[in-house]
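Single-letter residue listing:
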Amino acid sequence: MPAKYTNKLNGKRVLVLGGTSGIGFCVAENALENGATVIVASSRQESVDKTLSRLTTSYPDMPSSRILGHVIDLRSPDSEKSIIELLDFATNDKKDLLDHIVSTAGDSIPIQPLSAFSDAEVLTNAQRVRILAPLFVAKHAKEYMHVSPRSSITVTGGVNSYQPGNGWVLPAISGNAIDGMVRGLAVDLRPIRVNAVAPGAVWTELFQRTFTGEQLEQFKQKFAKQTLVGDVGSPEDVSEAYLYVMRDAFITGQIVLTEGGLLLAPGAQR
Ligand SMILES: NC(=O)c1ccc[n+]([C@@H]2O[C@H](COP(=O)([O-])OP(=O)(O)OC[C@H]3O[C@@H](n4cnc5c(N)ncnc54)[C@H](OP(=O)(O)O)[C@@H]3O)[C@@H](O)[C@H]2O)c1
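The rules behind these values
Residues numbered from 1 in each chain as written. Predicted model: local features only at pLDDT ≥ 70, side-chain atom pairs only at ≥ 80, totals over all residues. Heavy atoms only, no water. Near = heavy atom within 4 Å. Polar contact = N/O pair within 3.5 Å; in protein donor to acceptor, adjacent residues only side chain to side chain. Areas by Shrake-Rupley, 256 points an atom, 1.4 Å probe, with all protein chains shown as cover. Helix = DSSP H or I, 4+ residues; strand = E, 2+ residues; numbered from the N terminus. Buried < 20%, exposed > 50% of the residue type's maximum accessible area, 1.4 Å probe, protein only. Core = buried A, V, L, I, M, F, W, Y, C linked by side-chain atoms within 4.5 Å. Pairing = 2+ DSSP bridges. Axes fitted to C-alpha atoms, helices over the stretch in contact; angles between N-to-C directions. Parallel < 35°, antiparallel > 145°, perpendicular 65-115°, else oblique. Left-handed = near helix turned anticlockwise from the far one by under 90°. Contact = heavy atoms within 4.5 Å. Nonpolar A, V, L, I, M, F, W, Y, C, P; charged D, E, K, R; others polar.

If you check the shell around the ligand, you find 29 residues, and the closest are Thr-20, Ser-21, Ser-43, Ser-47 and Thr-204. Within the contact set of the ligand, an oxygen atom lies 3.0 Å away from a side-chain nitrogen or oxygen of Arg-130. Within the complex, the protein chains bury 91% of what would otherwise be the 880 Å² of accessible surface of the ligand. Going through the elements one at a time, helix H1 (22–33), helix H4 (121–144) and helix H6 (205–210) are the ones with two or more residues in the shell around the ligand. Here the shell around the ligand takes three residues from H6, the largest share from any one element.

Shown next as structure tokens:
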């Protein structure tokens, strides 16, 4: 009997915004291992080049036509134009339509006290990559994707929007806006499915950049202790949540939490 489950991404075309690092890189690896063609995109040429070389070294037998990369700055004020260029690149000018689009792209959001807020700009800047860019992707999705419940868009929120620490107002706003956005987009883009993954603390380059020196190990231990599983997440494990929502043609408008039981952990404090 032909495989019913393990071939679901075979021959599919998957675009990963933010696929050059951390969670997105593992989504790209996971999709490749499952038979997809993968296009990774992020803001720095250097990280795109490095990622293409990492992937071709890890999977030397894979045809180069299955591993593609493109540079795009999703923070730029005219990101809609760049997103259209990216979608043209990723689909060979609409000849090879996409099956799945994932965004794990994320720049740093200021963690700041309320006293530091003075104008709306900080709010707008904090939302460009995580909210505005996926909205523009969604706006053009039906021209560049197979319009089917087998197709999906998955964006990335964070469990910190349900349990923010001191000064985490901006990430909390961002995470909750993402939750609302996927519900709205799931309706507007039907039958294409739209979901979010909300990770807890995951051991990625972002984590390792946010906390440096001695702080890094201290925060790793602290976040690990706040979970039921007693550890921070690995991007390889968390990538499974994205693969799941790509494969299940019956899930849409949902937020999948992968957070080690943080929200259930007794007495968890941030
Ligand atoms: N790691 C965690 O603990 C954690 C927890 C909760 C939520 N999250 C969220 O999960 C997402 C992924 O996190 P991660 O830990 O995997 O982060 P990461 O390792 O820093 O990866 C972020 C990716 O986004 C790209 N990117 C950054 N700014 C961009 C821009 N302006 N335009 C296009 N691409 C851009 C980066 O590449 P370039 O540098 O080349 O642009 C990189 O590929 C983020 O939204 C993050 O907030 C992470």
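Put simply, Arg-190 and Pro-191 share a cis peptide bond, and its omega is 10°. Positive phi is not limited to glycine here, since Asp-93 has a value of about 55°. Its identity is not glycine, yet Lys-94 carries a phi of approximately 70°, on the positive side. Along the polypeptide, Lys-94 turns up in the loop between helix H3 (79–90) and strand E4 (100–103). With relative accessibility at 39%, the residue Lys-94 sits in the partly exposed group.

Grouped together as the largest cluster of nonpolar side chains are 35 residues, with contacts concentrated most on Leu-15, Leu-74, Ile-83, Leu-98, Ile-101 and Ile-153. For this core, the secondary structure elements donating two or more residues are strand E1 (13–17), strand E2 (37–42), H3, H4, strand E5 (152–156), helix H5 (169–188) and strand E6 (193–199). By size, the runner-up hydrophobic cluster in this structure holds 27 residues, among which are Val-40, Leu-55, Ala-241 and Ile-251.

Hydrogen bonds between backbone atoms are what pair the strands of a sheet, whose relative direction is either parallel or antiparallel. With parallel pairing, the seven strands of this open sheet are ordered in space as E3-E2-E1-E4-E5-E6-E7. Each edge of the sheet is formed by a strand with only one pairing partner; in this case those strands are strand E3 (67–71) and strand E7 (255–258). Within this sheet the neighbouring strands show an average axis-to-axis angle of 20°, counted without direction.

Moving on, we get to the packing of H4 against H5. It is the contact of H4 with H5, at a shortest axis distance of 10 Å, that shows an interaxial angle of 15°. One way to sum up the angle between H4 and H5 is to call them roughly parallel. Considering the relative orientation of H4 and H5, their crossing is right-handed. Taking contact as the criterion, the partners of Val-122, Leu-123, Ala-126, Gln-127, Arg-130, Ile-131, Pro-134, Leu-135, Ala-138 and Lys-142 in H4 are, on H5, Leu-170, Ile-173, Ser-174, Ala-177, Ile-178, Met-181, Leu-185 and Asp-188. Of the residues that constitute the contact of H4 with H5, the class distribution is 13 nonpolar, two polar and three charged.

This part covers the side chain of Gln-112. For Gln-112, the location among the structural elements is in the loop between E4 and H4. Given a relative accessible area of 15%, Gln-112 falls into the buried group. Among residues more than four places away in sequence, those in contact with Gln-112 are Phe-117, Val-122, Gly-167 and Leu-170.

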